[in-house]
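A closer look at the structure
Listed below are the residues making up each chain.
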Amino acid sequence: MSRIENVLSKLHAQKRCALIPFFTVGDPDLSTCLPTMHAMVSAGADVIELGVPFSDPMADGPVIQRASERALKNNVRLVDVLQVVKEFRQTNQDTPIVLMGYANPIERMGVDAFVSSCHQVGVDGVLVVDYPPSEAQALSQALAPYSIDPIFLIAPTTTDDRVKEIALMAKGYVYYVSLRGVTGASHIDVEDVKNQLDRIKQHVTIPVGVGFGIRDAKTAQAIGELADAVVVGSRIVETIEKSEKDSIPHEVGAFIKELRHALDNSL
Amino acid sequence: MKPYDMPSSDGHFGPYGGTFVSETLIAAIENLKKEYLFIRDDPAFQQELAYELKHYVGRPSPIYHAKRLSDSLGGAQIYLKREDLNHTGAHKINNTVGQAMLAKRMGKPRVIAETGAGQHGVATATVAARYGMECVVYMGAEDVKRQAQNVYRMKLLGAEVVPVTSGSRTLKDALNEAMRDWVTNVHNTFYIIGTVAGPHPYPMMVRDFNSVVGRECLVQMPDMIGRHPDAVLACVGGGSNAMGIFYPYINEKEVQLIGVEAGGEGIASGRHSASLSAGSPGVLHGNRTYLLQDDNGQIIETHSISAGLDYPGVGPEHAWLKDSGRAHYVAINDDEALKAFHTLCRLEGIIPALESSHALAHAIKIAPTLAKDKVLLVNLSGRGDKDMATVAEQSGITL
């Protein structure tokens, strides 16, 4: 059983919704990453998604684009992201880490080399935004021998046939994108999410997380009542953007605490 | 040998091409694919397209024997496919007419486009006006500054031009931004991509719409010289004019296909846009192809004197044609292209686009090494009026 499955099944047994924060490694710099990750865990994060910076983040809105640009200004590379995971694992063996990014930095490193590094440093899941199932065969095959989960997106426009196809390949959890658009768009329709989750769950047996558009405790709570996990990205990156560097772990931790409280009170 | 039948049904050209986009875009792309495959074989659509190409674009474009140029070189004969004589002054309109007609058929009242120098933006704004559609063009903030005249042309035609301030603020970022618009507004919006790149079916669709160029040549050259040319040359940025003229010749094995990339200040300088000559395979803008990238897989900034070739990727079919050996690719530097530009102006009274000047420069380079009965067909993909300011500046003149 992968670390992700382990954590999510425990939460499921407790009837609790998992909280999955996201931020881009290297934003605002590398040294802030580890303290931020540890603060996230202390505040109640169950899984951490780490963004791998890319020069052309086509599926991201302005907030995460800016995070990627700041990280690239610091020359943060995929190998640096892997190094962050390695250092995190020295003190934390329990919290699953998912890398989220685009195909090109991975292909440049080589899929096999990337997967073997992921295994060595303790990565638990990989979400490549521009690898839909049809293009993800090589990566999925490379991941299969290890307990590293390929995470896939499902969109409101994903047909039932594709949901079935994704269900066959996805492990760990699937990530339902609750909005039509890019990351960080503003509104979320709870009723619509409910209907979509009902539809998805007819085919998908692993946990379903919901992301894109969860901006505060209130929406997290509403979605938390429906989903197995909520993913919060742009709102955390905004907090990082607005905060003094030294206070980032504290500010991010405080926001996550708020979300955690809201989620646990939705029981 | 079996005839060339790329891409595969899922959009691959060997290891290249494909559909490397977020799941959020898949439904839109699947729908586009379905609609495109329908109109490709629909006689009514093709008839209407042929009518538009004849009466609105001004096709067929002639082929011209550049005799004074050829004589001055003392070798092979150079023939020019005159895409510069099309409405809006370049091959770009062949594709935008086709995609706009498809958008109209699909009931989309709004079209969007990315543009670098502004040529594809102008061609899109033109057809949007022609078909009565709202038009938004994404253009890197740097390019908006450099190409004020084309920005004004697009506005005259009724388009909204949105400066893109993310990333390197150039063409590749404009493409990212247009994709983001599309995924958000797909219910009423059609994305008219300007080159043979992007996710499947774009590389195939844009190639097909532009291949009217090569299909005409297949008839015109035998009419003029009784046979096919020995080689066909075209400049390659994203590669749409080159695919347009190459594609109908792919099964004519005796015809050499030569793609000419922008060597900028020289490959060794690192300041160029020659993805095929000096890049490596990777994934960008929805397809796998040759890219200019650093050791960590980040896309790097490119350079060319011609804004239309200034792109860090290239259409995936060119990547395939390169690897399979059916076409070969060379690079021409800024100064060679500029020299060819002036030569054509003076010897033939034709002002070529700086993009097309790259293909011309390579023809000028190889013609003297070939016998006088050899024939080189150059795709003169656009006219150079848009390049007046750039060329004048190179000569130290401020207009």
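One can find the structure itself at the top, above this paragraph.
What counts and how
Residues numbered from 1 in each chain as written. Chains lettered and ligands numbered in written order. Predicted model: local features only at pLDDT ≥ 70, side-chain atom pairs only at ≥ 80, totals over all residues. Heavy atoms only, no water. Phe/Tyr/Trp six-rings, centres within 6.5 Å; stacked < 30°, edge-to-face > 60°. Helix = DSSP H or I, 4+ residues; strand = E, 2+ residues; numbered from the N terminus. Buried < 20%, exposed > 50% of the residue type's maximum accessible area, 1.4 Å probe, protein only. Contact = heavy atoms within 4.5 Å. Polar contact = N/O pair within 3.5 Å; in protein donor to acceptor, adjacent residues only side chain to side chain. Core = buried A, V, L, I, M, F, W, Y, C linked by side-chain atoms within 4.5 Å. Salt bridge = Lys/Arg side-chain N within 4 Å of Asp/Glu carboxyl O. Pairing = 2+ DSSP bridges. Buried area = accessible area lost by both parts, 1.4 Å probe. Nonpolar A, V, L, I, M, F, W, Y, C, P; charged D, E, K, R; others polar.

1. Let's talk about the packing of aromatic side chains
Residue and element names in this part refer to chain B. Applying the stated criterion to the full structure yields nine aromatic pairs over all chains. Where Y4 meets Y247, the ring centres are 6.3 Å apart and the plane angle is 70°; that geometry is what we call edge-to-face. In this pair, Y4 sits in the segment before β1 (12-13) while Y247 sits in the loop between α11 (240-246) and β10 (256-264), placing the two residues 243 residues apart along the sequence. Plain terms: the ring middles of Y16 and Y290 are 5.7 Å apart, the flat faces sit at 35° to each other, and that makes the pair tilted. Of the two residues, Y16 sits in strand β2 (residues 16-20) while Y290 sits in strand β12 (residues 286-291), which places them 274 residues apart along the sequence. Per residue, the accessibility class of Y16 equals that of Y290, and both read buried. Three or more aromatic residues link up through ring pairs in this structure, and these residues are W182, Y191 and Y202.

2. Quick look at the environment of E83(B)
Residue and element names in this part refer to chain B. Within the secondary structure, E83 sits in the loop between β4 (77-82) and α4 (92-105). Among residues more than four places away in sequence, those in contact with E83 are R59, S61, G89, A90, H91, N94, V213, N379, L380 and S381. A distance of 2.8 Å separates polar atoms of two side chains, one belonging to E83 and the other to N86. Among the polar contacts listed, one links the side chain of E83 to the side chain of N94, at a separation of 3.1 Å.

3. Section: the nonpolar core
Grouped together as the largest cluster of nonpolar side chains are 118 residues, with contacts concentrated most on W182(B), Y191(B), F246(B) and L377(B). Contact partners of L377(B), with chain neighbours within four places excluded, come to I63(B), Y79(B), L80(B), K81(B), C217(B), M221(B), P229(B), A231(B), V232(B), L233(B), I245(B) and Y249(B).

4. Re the pattern of salt bridges
Overall, the coordinates contain 39 salt bridges over all chains when judged by the stated rule. Between D181(B) and R110(B) there is a salt bridge, with its nearest N and O atoms 2.7 Å apart. Of the two residues, D181(B) is situated in helix α8 (residues 171-185) and R110(B) in strand β5 (residues 110-115); the sequence distance between them amounts to 71 residues. Side by side, D181(B) and R110(B) carry an identical accessibility label, which is buried. R180(B) is the salt-bridge partner of E177(B), the closest N and O atoms lying 2.6 Å from each other. Of this pair, E177(B) and R180(B) are both found in helix α8, three residues apart, which corresponds to roughly one turn of the helix. When salt bridges that share partners are traced, they join R16(A), D46(A), R260(A) and D264(A) into one network.

5. Comments concerning the environment of A155(A)
Considering the arrangement of structural elements, one finds A155(A) in the loop between β6 (152-154) and α8 (160-169). Apart from the residues lying within four places of it in its own chain, the contact partners of A155(A) are Y176(A), V177(A), R199(A), E23(B) and T24(B).

6. Considering the sheet that holds strand β4 (residues 125-128) of chain A
Residues and elements named next belong to chain A. One open sheet holds the nine strands; their spatial order is β5-β4-β3-β2-β1-β9-β8-β7-β6, and the pairing between them is parallel. Lying at the two open borders of the sheet, with one neighbouring strand each, are β5 (149-150) and β6. Direction of pairing for strand β3 (residues 97-101) relative to β4: parallel, over a ladder of four bridges. Bridge assignment links V98 to a residue of β4, and that residue is G125.

7. Section: the environment of A144(A)
With respect to the secondary-structure elements, A144(A) resides in the loop between α7 (137-143) and β5. In this structure the C-alpha to C-alpha distance between A144(A) and K171(A), which are 27 residues apart in sequence, comes to 10.0 Å.

8. Observations regarding the interface of chain B and chain A
Taken together, the contacts link 35 residues of chain B with 34 residues of chain A. Roughly 2800 Å² is buried in total at the junction of chain B and chain A, and carbon and sulfur atoms are behind 49% of that figure. Looking at the side of chain B facing chain A, the largest losses of area belong to E23(B), R180(B) and Q298(B), adding up to 24% of the total buried there. Across the contact surface, chain B and chain A share four salt bridges. Residue D56(A) is joined to K172(B) by a salt bridge in which the shortest nitrogen-to-oxygen separation is 3.0 Å. Along the contact surface separating chain B from chain A lie 20 residue pairs in polar contact (both at pLDDT 80 or more). Secondary structure elements with two or more residues in the side of chain B that touches chain A: β2, α1 (23-40), α8, β11 (280-284) and β12 of chain B. Sorting elements by how many residues they give to the side of chain B that touches chain A places α8(B) first, with eight residues. A per-class count over the side of chain B that touches chain A returns 10 nonpolar, 17 polar and eight charged.

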